[in-house]
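Chains, contacts and geometry: an overview
Single-letter residue listing:
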Amino acid sequence: MDSPLRVLTVPTSPYPDQRPGTNGLRRKVHVFQSRRNYLHNFIQSIFSSIDLRDRQGSTVVVGGDGRFFNQTAIEVVVQMAAANGVGRLIVGHHGLMSTPASSCVIRKSKAIGGIILTASRHPAGPDGDFGMKFNSANGGPANDAVTNKIYQISRTIEEFAICPGLRLDLTTLGKQTFDLENKFKPFTVEIVDSVESYANLMRNIFDFAALKELLSGENHIKIRLDAMHGVLGPYVKRIMCEELGCPSNSAINCVPMEDFGGQHPDPNLIYATDLVDSMRDAEYDFGAAFDGDGDRNMILGKHGVLVTPSDSVAVIADNIFCIPYFQHSGVRGFARSMPTSAALDRVAKATKIELYETPTGWKFFGNLMDAGRLSLCGEESFGTSADHLREKDGLWAVLAWLSIMATRRQSVEDILKDHWIKYGRNYFTRYDYANIDIDTACEMMEDLELLIADKSFVKQRFAVEDKIYQVEKADNFEYTDPVDSTISRNQGLRIIFSDGSRIIYRLSGTCSDGATVRIYLDSYEKEHIFQDAQVVLAPLATIAVKISQLHHRTGRNGPSVIT
Ligand code: VG1
Ligand code: CO
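Since this is a predicted model, take the numbers as computed values, not measurements. (Residues numbered from 1 in each chain as written. Chains lettered and ligands numbered in written order. Predicted model: local features only at pLDDT ≥ 70, side-chain atom pairs only at ≥ 80, totals over all residues. Heavy atoms only, no water.)

1. Description of the overall build of the protein chain
- The secondary structure content of the protein chain amounts to 19 helices and 27 strands.
- Relative to a compact globule of 563 residues, whose C-alpha radius of gyration would be 24 Å, the protein chain shows 24 Å and is just as compact.
- Considered along the principal axes of its C-alpha atoms, the protein chain spans approximately 80 × 60 × 40 Å.
- Counting over 563 residues, the protein chain shows a buried share of 60%.
- Contacts in the protein chain between residues at least 24 apart in sequence constitute 71% of all its contacts with a sequence separation of at least 6.
- Here the protein chain displays about 21,900 Å² of accessible surface, and carbon together with sulfur accounts for 49% of that area.
- Counting 60 positive and 69 negative side-chain charges, the protein chain places the centres of these two groups 3 Å from one another. (Helix = DSSP H or I, 4+ residues; strand = E, 2+ residues; numbered from the N terminus. Rg over C-alpha atoms; globule rule 2.2 N^0.38 Å. Buried < 20%, exposed > 50% of the residue type's maximum accessible area, 1.4 Å probe, protein only. Contact = heavy atoms within 4.5 Å. Areas by Shrake-Rupley, 256 points an atom, 1.4 Å probe, with all protein chains shown as cover. Lys, Arg positive; Asp, Glu negative; His and termini not counted. Charge placed at Lys NZ, Arg CZ, Asp CG, Glu CD.)

Here it is in C-alpha coordinates:
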(Lines give C-alpha, C1' and ligand atoms only; values in the text may rest on other atoms or scores of the structure.)
(Ligands and ions follow the chains in the order given, each with its own letter.)
Protein backbone atom coordinates (compact mmCIF):
# COMPACT_ATOMS: atom_id res chain seq x y z
CA MET A 1 0.00 0.00 0.00
CA ASP A 2 1.22 3.53 -0.77
CA SER A 3 2.23 5.62 2.19
CA PRO A 4 -0.09 8.54 3.06
CA LEU A 5 0.51 11.79 1.20
CA ARG A 6 2.48 14.43 3.03
CA VAL A 7 0.88 17.74 4.00
CA LEU A 8 3.31 20.65 3.96
CA THR A 9 3.11 24.15 5.38
CA VAL A 10 5.03 26.50 3.10
CA PRO A 11 6.09 30.04 4.08
CA THR A 12 5.02 32.82 1.71
CA SER A 13 4.84 36.62 1.44
CA PRO A 14 1.66 38.57 0.76
CA TYR A 15 0.73 40.61 -2.34
CA PRO A 16 -1.17 43.87 -1.97
CA ASP A 17 -3.37 43.50 -5.03
CA GLN A 18 -5.50 40.38 -4.55
CA ARG A 19 -8.79 42.15 -4.01
CA PRO A 20 -11.51 40.32 -5.98
CA GLY A 21 -13.42 42.67 -8.32
CA THR A 22 -17.00 42.57 -9.59
CA ASN A 23 -16.68 38.81 -9.92
CA GLY A 24 -13.40 37.21 -8.83
CA LEU A 25 -9.73 37.97 -9.28
CA ARG A 26 -8.44 38.55 -12.82
CA ARG A 27 -4.83 39.06 -13.85
CA LYS A 28 -2.58 38.54 -16.82
CA VAL A 29 -1.43 34.91 -17.03
CA HIS A 30 2.18 35.98 -16.61
CA VAL A 31 1.33 37.50 -13.22
CA PHE A 32 0.21 34.07 -12.00
CA GLN A 33 3.21 32.42 -13.64
CA SER A 34 5.97 34.77 -12.63
CA ARG A 35 5.03 36.02 -9.17
CA ARG A 36 6.07 33.45 -6.63
CA ASN A 37 3.03 31.77 -4.99
CA TYR A 38 0.62 34.34 -6.42
CA LEU A 39 -1.88 31.56 -7.15
CA HIS A 40 -1.21 29.70 -3.88
CA ASN A 41 -1.69 32.84 -1.80
CA PHE A 42 -5.08 33.55 -3.26
CA ILE A 43 -6.31 29.96 -2.94
CA GLN A 44 -5.13 29.82 0.68
CA SER A 45 -6.90 33.11 1.36
CA ILE A 46 -10.13 31.60 0.02
CA PHE A 47 -9.83 28.51 2.24
CA SER A 48 -8.76 30.52 5.28
CA SER A 49 -11.81 32.75 4.87
CA ILE A 50 -13.97 29.71 5.65
CA ASP A 51 -14.16 28.78 9.31
CA LEU A 52 -12.20 25.54 9.96
CA ARG A 53 -15.27 23.86 11.44
CA ASP A 54 -17.21 24.51 8.24
CA ARG A 55 -14.31 23.52 6.06
CA GLN A 56 -13.42 20.22 7.70
CA GLY A 57 -14.93 17.33 5.80
CA SER A 58 -16.93 19.69 3.59
CA THR A 59 -17.64 19.49 -0.14
CA VAL A 60 -16.19 22.04 -2.58
CA VAL A 61 -16.86 22.24 -6.33
CA VAL A 62 -14.08 23.04 -8.80
CA GLY A 63 -14.79 24.11 -12.35
CA GLY A 64 -13.13 26.02 -15.12
CA ASP A 65 -13.61 27.32 -18.64
CA GLY A 66 -10.68 25.36 -20.07
CA ARG A 67 -8.43 28.33 -20.71
CA PHE A 68 -4.64 28.27 -20.66
CA PHE A 69 -3.27 27.71 -17.11
CA ASN A 70 -6.47 25.93 -15.99
CA GLN A 71 -4.79 22.54 -15.70
CA THR A 72 -1.92 23.93 -13.64
CA ALA A 73 -4.29 25.82 -11.38
CA ILE A 74 -6.67 22.88 -10.85
CA GLU A 75 -3.81 20.72 -9.65
CA VAL A 76 -2.86 23.36 -7.08
CA VAL A 77 -6.49 23.87 -5.97
CA VAL A 78 -6.87 20.12 -5.40
CA GLN A 79 -3.58 19.80 -3.51
CA MET A 80 -4.44 22.78 -1.32
CA ALA A 81 -8.06 21.74 -0.72
CA ALA A 82 -6.80 18.39 0.60
CA ALA A 83 -4.29 20.09 2.87
CA ASN A 84 -6.93 22.53 4.16
CA GLY A 85 -9.32 19.91 5.44
CA VAL A 86 -11.87 19.81 2.63
CA GLY A 87 -13.31 16.28 2.61
CA ARG A 88 -14.66 15.99 -0.89
CA LEU A 89 -14.05 17.81 -4.14
CA ILE A 90 -16.36 17.66 -7.12
CA VAL A 91 -14.41 18.49 -10.26
CA GLY A 92 -15.65 18.83 -13.84
CA HIS A 93 -14.57 16.21 -16.36
CA HIS A 94 -11.27 17.43 -17.92
CA GLY A 95 -11.51 20.31 -15.47
CA LEU A 96 -14.37 21.85 -17.44
CA MET A 97 -17.52 23.24 -15.84
CA SER A 98 -19.39 26.34 -16.97
CA THR A 99 -20.17 29.01 -14.40
CA PRO A 100 -23.94 28.26 -14.43
CA ALA A 101 -23.29 24.50 -14.23
CA SER A 102 -20.94 25.12 -11.28
CA SER A 103 -23.74 27.01 -9.56
CA CYS A 104 -26.08 24.09 -10.27
CA VAL A 105 -23.61 21.49 -8.96
CA ILE A 106 -22.79 23.51 -5.80
CA ARG A 107 -26.48 23.62 -4.95
CA LYS A 108 -27.17 19.99 -5.77
CA SER A 109 -24.19 18.64 -3.85
CA LYS A 110 -24.75 20.90 -0.82
CA ALA A 111 -21.18 22.13 -1.17
CA ILE A 112 -19.88 24.98 0.98
CA GLY A 113 -18.85 26.70 -2.24
CA GLY A 114 -16.96 26.46 -5.48
CA ILE A 115 -13.86 27.75 -7.17
CA ILE A 116 -14.30 28.52 -10.85
CA LEU A 117 -11.12 28.99 -12.84
CA THR A 118 -11.99 31.58 -15.44
CA ALA A 119 -11.50 35.15 -16.54
CA SER A 120 -14.92 34.90 -18.20
CA ARG A 121 -15.04 36.84 -21.49
CA HIS A 122 -11.39 37.91 -21.45
CA PRO A 123 -8.99 36.46 -24.04
CA ALA A 124 -6.73 33.61 -22.93
CA GLY A 125 -3.38 32.06 -23.76
CA PRO A 126 0.12 32.86 -22.47
CA ASP A 127 -0.44 36.58 -23.19
CA GLY A 128 -4.07 36.57 -22.11
CA ASP A 129 -5.87 36.59 -18.78
CA PHE A 130 -6.50 34.07 -16.06
CA GLY A 131 -8.86 34.38 -13.12
CA MET A 132 -10.66 32.75 -10.25
CA LYS A 133 -14.24 33.19 -9.09
CA PHE A 134 -15.30 32.05 -5.64
CA ASN A 135 -18.94 31.10 -5.17
CA SER A 136 -20.73 30.52 -1.87
CA ALA A 137 -22.99 27.71 -0.69
CA ASN A 138 -26.04 29.22 -2.44
CA GLY A 139 -24.19 28.74 -5.75
CA GLY A 140 -23.74 32.46 -6.39
CA PRO A 141 -20.72 34.78 -6.43
CA ALA A 142 -19.45 35.41 -2.89
CA ASN A 143 -20.78 38.63 -1.39
CA ASP A 144 -18.65 41.63 -0.42
CA ALA A 145 -18.28 40.53 3.19
CA VAL A 146 -16.66 37.28 2.02
CA THR A 147 -14.49 38.82 -0.70
CA ASN A 148 -13.31 41.52 1.71
CA LYS A 149 -12.30 38.83 4.15
CA ILE A 150 -10.39 36.98 1.42
CA TYR A 151 -8.65 40.22 0.50
CA GLN A 152 -7.72 41.04 4.10
CA ILE A 153 -6.24 37.57 4.58
CA SER A 154 -4.28 37.86 1.32
CA ARG A 155 -2.63 41.06 2.59
CA THR A 156 -1.07 39.41 5.62
CA ILE A 157 -0.72 35.78 4.57
CA GLU A 158 2.44 34.09 5.86
CA GLU A 159 2.03 30.46 4.88
CA PHE A 160 -0.09 28.04 2.93
CA ALA A 161 -0.87 24.34 3.25
CA ILE A 162 -0.42 21.94 0.36
CA CYS A 163 -0.21 18.26 -0.48
CA PRO A 164 2.34 18.40 -3.30
CA GLY A 165 2.37 14.65 -3.99
CA LEU A 166 -1.34 14.46 -4.82
CA ARG A 167 -1.91 13.68 -8.49
CA LEU A 168 -5.37 13.68 -10.01
CA ASP A 169 -6.65 12.04 -13.17
CA LEU A 170 -9.10 14.51 -14.72
CA THR A 171 -9.92 12.25 -17.66
CA THR A 172 -11.70 9.44 -15.80
CA LEU A 173 -15.22 9.94 -14.45
CA GLY A 174 -15.82 8.67 -10.93
CA LYS A 175 -14.36 8.72 -7.46
CA GLN A 176 -10.68 8.86 -6.50
CA THR A 177 -9.68 8.53 -2.84
CA PHE A 178 -6.46 9.74 -1.27
CA ASP A 179 -4.87 8.99 2.08
CA LEU A 180 -3.31 11.96 3.79
CA GLU A 181 -0.91 11.92 6.72
CA ASN A 182 -2.84 14.60 8.63
CA LYS A 183 -5.93 14.24 10.73
CA PHE A 184 -8.33 15.08 7.91
CA LYS A 185 -9.04 11.94 5.95
CA PRO A 186 -9.88 10.34 3.68
CA PHE A 187 -9.92 12.91 0.92
CA THR A 188 -12.06 12.08 -2.09
CA VAL A 189 -12.36 13.65 -5.49
CA GLU A 190 -15.27 12.98 -7.80
CA ILE A 191 -14.86 13.72 -11.47
CA VAL A 192 -18.34 14.48 -12.75
CA ASP A 193 -20.15 15.07 -16.02
CA SER A 194 -21.60 18.49 -15.24
CA VAL A 195 -23.32 18.57 -18.63
CA GLU A 196 -25.69 15.85 -17.44
CA SER A 197 -26.52 17.61 -14.13
CA TYR A 198 -27.14 20.85 -15.96
CA ALA A 199 -29.23 19.19 -18.70
CA ASN A 200 -31.36 17.59 -16.01
CA LEU A 201 -32.10 20.95 -14.48
CA MET A 202 -33.09 22.37 -17.89
CA ARG A 203 -35.42 19.42 -18.56
CA ASN A 204 -37.33 20.34 -15.42
CA ILE A 205 -37.63 24.01 -16.37
CA PHE A 206 -38.58 23.90 -20.05
CA ASP A 207 -40.94 21.89 -22.21
CA PHE A 208 -38.36 19.86 -24.11
CA ALA A 209 -41.00 18.20 -26.31
CA ALA A 210 -42.24 21.59 -27.53
CA LEU A 211 -38.68 22.79 -28.07
CA LYS A 212 -37.86 19.64 -30.00
CA GLU A 213 -40.85 20.24 -32.24
CA LEU A 214 -39.70 23.85 -32.82
CA LEU A 215 -36.12 22.87 -33.59
CA SER A 216 -36.49 19.59 -35.44
CA GLY A 217 -40.19 19.03 -36.16
CA GLU A 218 -41.86 19.33 -39.52
CA ASN A 219 -41.83 23.15 -39.74
CA HIS A 220 -38.72 23.62 -37.69
CA ILE A 221 -36.82 26.88 -37.48
CA LYS A 222 -33.08 27.09 -38.15
CA ILE A 223 -30.77 28.26 -35.46
CA ARG A 224 -27.06 28.97 -35.10
CA LEU A 225 -25.26 28.83 -31.75
CA ASP A 226 -21.68 29.98 -31.24
CA ALA A 227 -19.81 28.74 -28.16
CA MET A 228 -16.76 30.81 -29.18
CA HIS A 229 -14.47 27.93 -28.20
CA GLY A 230 -15.42 28.48 -24.57
CA VAL A 231 -16.65 25.94 -22.07
CA LEU A 232 -20.22 25.82 -23.35
CA GLY A 233 -19.51 23.75 -26.48
CA PRO A 234 -20.23 20.34 -24.89
CA TYR A 235 -23.44 21.66 -23.27
CA VAL A 236 -24.68 23.07 -26.58
CA LYS A 237 -23.88 19.84 -28.42
CA ARG A 238 -25.53 17.58 -25.85
CA ILE A 239 -28.66 19.62 -25.15
CA MET A 240 -29.34 21.44 -28.40
CA CYS A 241 -28.08 18.91 -30.95
CA GLU A 242 -28.31 15.46 -29.35
CA GLU A 243 -31.42 16.05 -27.31
CA LEU A 244 -33.41 18.73 -29.12
CA GLY A 245 -32.40 17.60 -32.57
CA CYS A 246 -30.69 20.67 -34.06
CA PRO A 247 -28.47 19.65 -36.99
CA SER A 248 -24.79 19.58 -36.09
CA ASN A 249 -23.97 22.60 -38.28
CA SER A 250 -26.15 24.74 -36.02
CA ALA A 251 -23.51 24.59 -33.28
CA ILE A 252 -20.22 26.30 -34.14
CA ASN A 253 -16.92 26.77 -32.31
CA CYS A 254 -17.99 24.08 -29.86
CA VAL A 255 -14.60 22.59 -29.07
CA PRO A 256 -13.21 24.32 -25.95
CA MET A 257 -9.75 25.69 -26.66
CA GLU A 258 -7.03 26.95 -24.33
CA ASP A 259 -6.82 30.24 -26.22
CA PHE A 260 -10.44 30.38 -27.49
CA GLY A 261 -8.98 30.28 -31.00
CA GLY A 262 -7.18 33.57 -30.33
CA GLN A 263 -10.48 35.48 -30.01
CA HIS A 264 -12.29 37.42 -27.30
CA PRO A 265 -14.93 34.92 -26.11
CA ASP A 266 -17.28 37.85 -25.57
CA PRO A 267 -20.79 37.60 -27.03
CA ASN A 268 -21.46 40.97 -28.62
CA LEU A 269 -21.68 42.31 -32.17
CA ILE A 270 -18.00 43.21 -32.22
CA TYR A 271 -16.41 39.98 -31.03
CA ALA A 272 -18.89 37.26 -32.04
CA THR A 273 -17.86 37.71 -35.68
CA ASP A 274 -18.48 34.12 -36.85
CA LEU A 275 -22.06 34.24 -35.65
CA VAL A 276 -22.71 37.77 -36.90
CA ASP A 277 -21.35 36.85 -40.37
CA SER A 278 -23.45 33.71 -40.65
CA MET A 279 -26.62 35.51 -39.52
CA ARG A 280 -26.32 38.28 -42.10
CA ASP A 281 -28.34 36.61 -44.84
CA ALA A 282 -31.68 35.00 -44.11
CA GLU A 283 -30.49 31.43 -43.55
CA TYR A 284 -31.03 31.31 -39.79
CA ASP A 285 -34.06 32.39 -37.80
CA PHE A 286 -32.31 32.61 -34.47
CA GLY A 287 -28.70 32.99 -33.35
CA ALA A 288 -26.90 33.12 -30.03
CA ALA A 289 -23.36 33.34 -28.73
CA PHE A 290 -21.90 32.69 -25.27
CA ASP A 291 -18.80 33.82 -23.39
CA GLY A 292 -15.82 31.78 -22.21
CA ASP A 293 -17.43 30.51 -19.01
CA GLY A 294 -20.94 30.22 -20.47
CA ASP A 295 -22.81 32.67 -18.28
CA ARG A 296 -23.36 35.39 -20.91
CA ASN A 297 -25.56 35.27 -23.98
CA MET A 298 -26.30 37.37 -27.04
CA ILE A 299 -29.59 36.76 -28.85
CA LEU A 300 -29.97 37.57 -32.54
CA GLY A 301 -32.92 37.26 -34.89
CA LYS A 302 -32.99 36.74 -38.65
CA HIS A 303 -30.51 38.97 -40.53
CA GLY A 304 -28.66 39.40 -37.25
CA VAL A 305 -31.22 41.67 -35.55
CA LEU A 306 -29.84 42.22 -32.05
CA VAL A 307 -31.98 41.82 -28.96
CA THR A 308 -30.26 44.09 -26.45
CA PRO A 309 -29.81 42.34 -23.10
CA SER A 310 -31.91 45.06 -21.47
CA ASP A 311 -34.77 44.26 -23.86
CA SER A 312 -34.17 40.52 -23.57
CA VAL A 313 -34.96 40.35 -19.87
CA ALA A 314 -37.98 42.60 -20.36
CA VAL A 315 -39.37 40.40 -23.16
CA ILE A 316 -38.82 37.24 -21.11
CA ALA A 317 -40.58 38.92 -18.18
CA ASP A 318 -43.56 39.82 -20.34
CA ASN A 319 -43.78 36.25 -21.67
CA ILE A 320 -42.72 34.49 -18.53
CA PHE A 321 -45.50 31.93 -18.54
CA CYS A 322 -44.22 30.47 -21.83
CA ILE A 323 -41.73 28.77 -19.48
CA PRO A 324 -43.34 25.87 -17.54
CA TYR A 325 -41.07 26.44 -14.51
CA PHE A 326 -42.77 29.76 -13.78
CA GLN A 327 -46.24 28.29 -14.26
CA HIS A 328 -45.42 26.08 -11.28
CA SER A 329 -43.29 28.36 -9.13
CA GLY A 330 -45.07 31.64 -9.79
CA VAL A 331 -43.24 34.92 -10.20
CA ARG A 332 -41.86 36.59 -7.10
CA GLY A 333 -40.04 39.60 -8.44
CA PHE A 334 -37.93 41.06 -11.24
CA ALA A 335 -34.53 42.73 -10.96
CA ARG A 336 -31.97 44.49 -13.08
CA SER A 337 -28.60 46.05 -12.41
CA MET A 338 -28.72 49.83 -12.14
CA PRO A 339 -27.08 50.59 -15.52
CA THR A 340 -29.43 48.18 -17.35
CA SER A 341 -32.18 50.03 -19.20
CA ALA A 342 -35.54 50.56 -17.56
CA ALA A 343 -37.40 48.36 -20.11
CA LEU A 344 -37.95 45.75 -17.39
CA ASP A 345 -39.45 48.37 -15.06
CA ARG A 346 -42.32 48.90 -17.50
CA VAL A 347 -43.20 45.20 -17.52
CA ALA A 348 -42.95 45.08 -13.73
CA LYS A 349 -45.28 48.04 -13.45
CA ALA A 350 -47.83 46.61 -15.89
CA THR A 351 -47.84 43.18 -14.26
CA LYS A 352 -47.69 44.61 -10.72
CA ILE A 353 -44.64 42.56 -9.91
CA GLU A 354 -41.98 43.97 -7.58
CA LEU A 355 -38.87 45.39 -9.29
CA TYR A 356 -35.44 45.64 -7.69
CA GLU A 357 -32.58 47.82 -8.96
CA THR A 358 -29.25 46.44 -7.78
CA PRO A 359 -25.59 47.38 -8.27
CA THR A 360 -23.64 45.75 -11.10
CA GLY A 361 -22.62 42.12 -10.45
CA TRP A 362 -24.67 38.97 -10.01
CA LYS A 363 -24.05 38.58 -6.26
CA PHE A 364 -26.77 41.12 -5.41
CA PHE A 365 -29.49 39.06 -7.09
CA GLY A 366 -28.64 35.93 -5.08
CA ASN A 367 -29.66 37.42 -1.76
CA LEU A 368 -33.08 38.38 -3.10
CA MET A 369 -33.55 34.93 -4.61
CA ASP A 370 -32.52 33.17 -1.40
CA ALA A 371 -35.16 35.23 0.40
CA GLY A 372 -37.82 34.18 -2.11
CA ARG A 373 -38.25 37.69 -3.50
CA LEU A 374 -36.82 37.38 -7.00
CA SER A 375 -37.53 35.10 -9.96
CA LEU A 376 -36.02 36.71 -13.09
CA CYS A 377 -33.19 39.19 -13.56
CA GLY A 378 -30.75 40.62 -16.06
CA GLU A 379 -27.81 42.88 -16.73
CA GLU A 380 -27.07 44.98 -19.79
CA SER A 381 -23.74 43.15 -20.09
CA PHE A 382 -25.36 40.15 -21.82
CA GLY A 383 -26.44 38.45 -18.60
CA THR A 384 -29.90 36.95 -18.08
CA SER A 385 -31.11 34.29 -15.67
CA ALA A 386 -33.62 33.17 -13.08
CA ASP A 387 -33.78 31.63 -9.62
CA HIS A 388 -33.15 28.05 -10.80
CA LEU A 389 -29.54 28.76 -9.84
CA ARG A 390 -27.52 31.77 -8.68
CA GLU A 391 -25.59 32.82 -11.77
CA LYS A 392 -26.38 34.29 -15.09
CA ASP A 393 -27.03 31.46 -17.47
CA GLY A 394 -26.34 31.72 -21.21
CA LEU A 395 -28.04 28.56 -22.39
CA TRP A 396 -31.05 29.10 -20.13
CA ALA A 397 -31.61 32.47 -21.86
CA VAL A 398 -31.55 30.75 -25.26
CA LEU A 399 -34.05 28.12 -24.11
CA ALA A 400 -36.21 30.90 -22.66
CA TRP A 401 -36.31 32.74 -25.99
CA LEU A 402 -36.98 29.54 -27.92
CA SER A 403 -39.84 28.75 -25.52
CA ILE A 404 -41.37 32.14 -26.29
CA MET A 405 -40.97 31.51 -30.02
CA ALA A 406 -42.51 28.06 -29.68
CA THR A 407 -45.53 29.42 -27.82
CA ARG A 408 -46.11 32.58 -29.81
CA ARG A 409 -45.08 31.15 -33.16
CA GLN A 410 -43.44 34.44 -34.04
CA SER A 411 -39.99 35.52 -35.15
CA VAL A 412 -37.51 37.21 -32.82
CA GLU A 413 -38.05 40.47 -34.65
CA ASP A 414 -41.84 40.34 -34.37
CA ILE A 415 -41.69 39.47 -30.67
CA LEU A 416 -39.41 42.45 -30.13
CA LYS A 417 -41.55 44.82 -32.23
CA ASP A 418 -44.71 43.76 -30.41
CA HIS A 419 -42.96 44.45 -27.14
CA TRP A 420 -42.00 47.99 -28.17
CA ILE A 421 -45.47 48.67 -29.51
CA LYS A 422 -46.92 47.59 -26.19
CA TYR A 423 -44.46 49.30 -23.85
CA GLY A 424 -42.49 51.85 -25.89
CA ARG A 425 -38.76 51.40 -26.37
CA ASN A 426 -35.79 52.04 -24.13
CA TYR A 427 -32.87 52.79 -26.42
CA PHE A 428 -29.67 51.67 -24.75
CA THR A 429 -25.98 51.61 -25.48
CA ARG A 430 -22.71 51.31 -23.57
CA TYR A 431 -19.43 52.97 -24.45
CA ASP A 432 -16.28 51.37 -23.05
CA TYR A 433 -12.96 53.16 -22.86
CA ALA A 434 -10.43 50.42 -22.11
CA ASN A 435 -6.84 50.58 -20.88
CA ILE A 436 -7.12 54.02 -19.35
CA ASP A 437 -4.49 55.05 -16.85
CA ILE A 438 -5.95 54.24 -13.41
CA ASP A 439 -5.15 57.62 -11.86
CA THR A 440 -6.69 59.48 -14.80
CA ALA A 441 -9.85 57.38 -14.55
CA CYS A 442 -10.18 57.83 -10.78
CA GLU A 443 -9.55 61.56 -11.03
CA MET A 444 -12.25 61.87 -13.67
CA MET A 445 -14.74 60.03 -11.46
CA GLU A 446 -13.86 62.17 -8.44
CA ASP A 447 -14.23 65.42 -10.37
CA LEU A 448 -17.48 64.24 -11.87
CA GLU A 449 -18.86 63.34 -8.50
CA LEU A 450 -18.05 66.78 -7.16
CA LEU A 451 -19.61 68.40 -10.21
CA ILE A 452 -22.90 66.51 -10.05
CA ALA A 453 -23.12 66.82 -6.27
CA ASP A 454 -23.17 70.62 -6.60
CA LYS A 455 -26.65 71.98 -6.00
CA SER A 456 -26.54 74.04 -9.17
CA PHE A 457 -26.15 70.91 -11.28
CA VAL A 458 -29.76 69.88 -10.83
CA LYS A 459 -32.02 71.79 -13.25
CA GLN A 460 -29.03 72.53 -15.48
CA ARG A 461 -29.87 72.24 -19.17
CA PHE A 462 -27.80 70.68 -21.92
CA ALA A 463 -28.56 71.33 -25.56
CA VAL A 464 -27.31 69.28 -28.51
CA GLU A 465 -28.70 70.37 -31.85
CA ASP A 466 -32.45 70.54 -31.30
CA LYS A 467 -32.50 68.28 -28.24
CA ILE A 468 -32.56 69.80 -24.77
CA TYR A 469 -32.01 67.72 -21.66
CA GLN A 470 -32.62 69.05 -18.18
CA VAL A 471 -31.03 67.39 -15.16
CA GLU A 472 -33.59 66.15 -12.69
CA LYS A 473 -31.45 64.10 -10.36
CA ALA A 474 -27.79 63.20 -10.05
CA ASP A 475 -26.06 61.00 -7.52
CA ASN A 476 -23.58 58.27 -6.73
CA PHE A 477 -25.71 55.11 -6.69
CA GLU A 478 -26.04 53.46 -3.32
CA TYR A 479 -27.89 50.22 -2.62
CA THR A 480 -29.39 48.98 0.60
CA ASP A 481 -30.03 45.26 0.40
CA PRO A 482 -33.70 44.82 1.29
CA VAL A 483 -32.99 41.44 2.89
CA ASP A 484 -30.06 42.10 5.21
CA SER A 485 -29.79 45.90 5.01
CA THR A 486 -26.15 45.79 3.87
CA ILE A 487 -25.25 49.07 2.20
CA SER A 488 -23.15 49.11 -0.98
CA ARG A 489 -21.86 52.59 -1.82
CA ASN A 490 -20.10 54.06 -4.81
CA GLN A 491 -21.84 51.91 -7.43
CA GLY A 492 -21.81 54.36 -10.33
CA LEU A 493 -22.54 58.03 -11.03
CA ARG A 494 -26.02 58.68 -12.38
CA ILE A 495 -27.38 61.68 -14.17
CA ILE A 496 -31.12 61.38 -14.71
CA PHE A 497 -32.86 63.88 -16.98
CA SER A 498 -36.42 65.12 -16.78
CA ASP A 499 -37.56 62.89 -19.69
CA GLY A 500 -36.19 59.81 -17.89
CA SER A 501 -33.05 59.57 -20.03
CA ARG A 502 -29.95 58.56 -18.10
CA ILE A 503 -26.18 58.87 -18.35
CA ILE A 504 -24.25 56.56 -16.05
CA TYR A 505 -20.51 56.42 -15.44
CA ARG A 506 -18.77 53.47 -13.81
CA LEU A 507 -15.30 52.04 -13.58
CA SER A 508 -15.15 48.37 -14.50
CA GLY A 509 -14.38 45.96 -11.68
CA THR A 510 -13.17 43.15 -13.90
CA CYS A 511 -10.01 44.61 -15.47
CA SER A 512 -6.86 42.52 -15.42
CA ASP A 513 -4.79 45.71 -15.62
CA GLY A 514 -5.42 49.43 -16.20
CA ALA A 515 -8.91 50.90 -15.93
CA THR A 516 -11.99 50.72 -18.14
CA VAL A 517 -14.44 53.60 -18.03
CA ARG A 518 -17.98 52.59 -18.91
CA ILE A 519 -20.61 55.10 -20.00
CA TYR A 520 -24.16 53.78 -20.18
CA LEU A 521 -26.85 55.67 -22.10
CA ASP A 522 -30.57 54.98 -21.80
CA SER A 523 -33.42 56.90 -23.40
CA TYR A 524 -37.12 56.10 -23.64
CA GLU A 525 -39.40 56.71 -26.63
CA LYS A 526 -43.08 55.95 -26.44
CA GLU A 527 -43.78 56.34 -30.14
CA HIS A 528 -40.64 56.58 -32.27
CA ILE A 529 -39.68 52.99 -31.72
CA PHE A 530 -38.03 52.04 -34.99
CA GLN A 531 -35.00 54.32 -35.02
CA ASP A 532 -31.32 53.51 -34.94
CA ALA A 533 -30.19 53.35 -31.31
CA GLN A 534 -26.84 55.02 -31.95
CA VAL A 535 -28.56 57.94 -33.68
CA VAL A 536 -31.12 58.35 -30.91
CA LEU A 537 -28.44 58.23 -28.23
CA ALA A 538 -25.83 60.39 -29.97
CA PRO A 539 -26.87 63.64 -28.21
CA LEU A 540 -26.63 61.96 -24.80
CA ALA A 541 -23.20 60.61 -25.74
CA THR A 542 -22.05 64.11 -26.67
CA ILE A 543 -23.24 65.41 -23.30
CA ALA A 544 -21.61 62.51 -21.43
CA VAL A 545 -18.24 63.16 -23.01
CA LYS A 546 -18.53 66.90 -22.51
CA ILE A 547 -19.43 66.76 -18.83
CA SER A 548 -16.66 64.31 -17.99
CA GLN A 549 -14.06 65.81 -20.36
CA LEU A 550 -13.16 62.21 -20.99
CA HIS A 551 -11.57 62.75 -24.40
CA HIS A 552 -9.60 65.73 -23.22
CA ARG A 553 -8.34 63.87 -20.15
CA THR A 554 -7.38 60.65 -21.94
CA GLY A 555 -6.37 61.87 -25.38
CA ARG A 556 -8.87 59.43 -26.88
CA ASN A 557 -11.32 60.45 -29.54
CA GLY A 558 -13.87 57.69 -29.07
CA PRO A 559 -14.68 54.54 -27.14
CA SER A 560 -12.75 51.29 -27.62
CA VAL A 561 -15.96 49.28 -27.87
CA ILE A 562 -19.63 50.20 -28.24
CA THR A 563 -22.20 47.58 -27.27
C1 VG1 B 1 -18.81 43.24 -15.88
C2 VG1 B 1 -20.26 43.55 -16.20
C3 VG1 B 1 -21.16 43.02 -15.11
C4 VG1 B 1 -20.92 41.52 -14.96
C5 VG1 B 1 -19.46 41.25 -14.68
C6 VG1 B 1 -19.11 39.79 -14.63
O7 VG1 B 1 -18.43 43.88 -14.69
O8 VG1 B 1 -20.45 44.94 -16.36
O9 VG1 B 1 -22.49 43.30 -15.45
O10 VG1 B 1 -21.70 40.99 -13.91
O11 VG1 B 1 -18.66 41.84 -15.72
O12 VG1 B 1 -19.46 39.13 -15.82
P13 VG1 B 1 -17.60 45.28 -14.68
O14 VG1 B 1 -17.33 45.57 -13.24
O15 VG1 B 1 -16.38 45.08 -15.51
O16 VG1 B 1 -18.50 46.30 -15.33
V17 VG1 B 1 -18.56 37.79 -16.32
O18 VG1 B 1 -19.42 37.01 -17.50
O19 VG1 B 1 -17.22 38.63 -17.03
O20 VG1 B 1 -18.19 36.98 -14.99
CO1 CO C 1 -18.74 35.14 -17.98
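2. Looking at the side chain of T147
- You can see T147 is positioned in helix α6 (residues 144-156).
- A residue is classified by how much of its surface remains accessible, and T147, at 12% relative accessible area, is buried.
- Leave out the neighbours within four places in its chain, and T147 touches P20 and A142.

3. Here we look at the sheet that holds strand β12 (residues 286-290)
- Spatially, 5 strands are ordered β11-β10-β12-β13-β14 in an open sheet, and the strand pairing comes out mixed. Looking along the sheet, the strands with just one partner apiece sit at the ends: β11 (251-252) and β14 (306-307).
- With 5 bridges connecting them, β12 and strand β13 (residues 297-301) associate as antiparallel partners. Of the residues in β13, the one forming a bridge with A288 is I299.
- Each of β10 (223-226), β12, β13 and β14 touches helix α15 (residues 394-408); the most contacted strand, β12, lies at about 165° to it. (Pairing = 2+ DSSP bridges. Axes fitted to C-alpha atoms, helices over the stretch in contact; angles between N-to-C directions.)

Just geometry here; none of it tells us what the structure is for.
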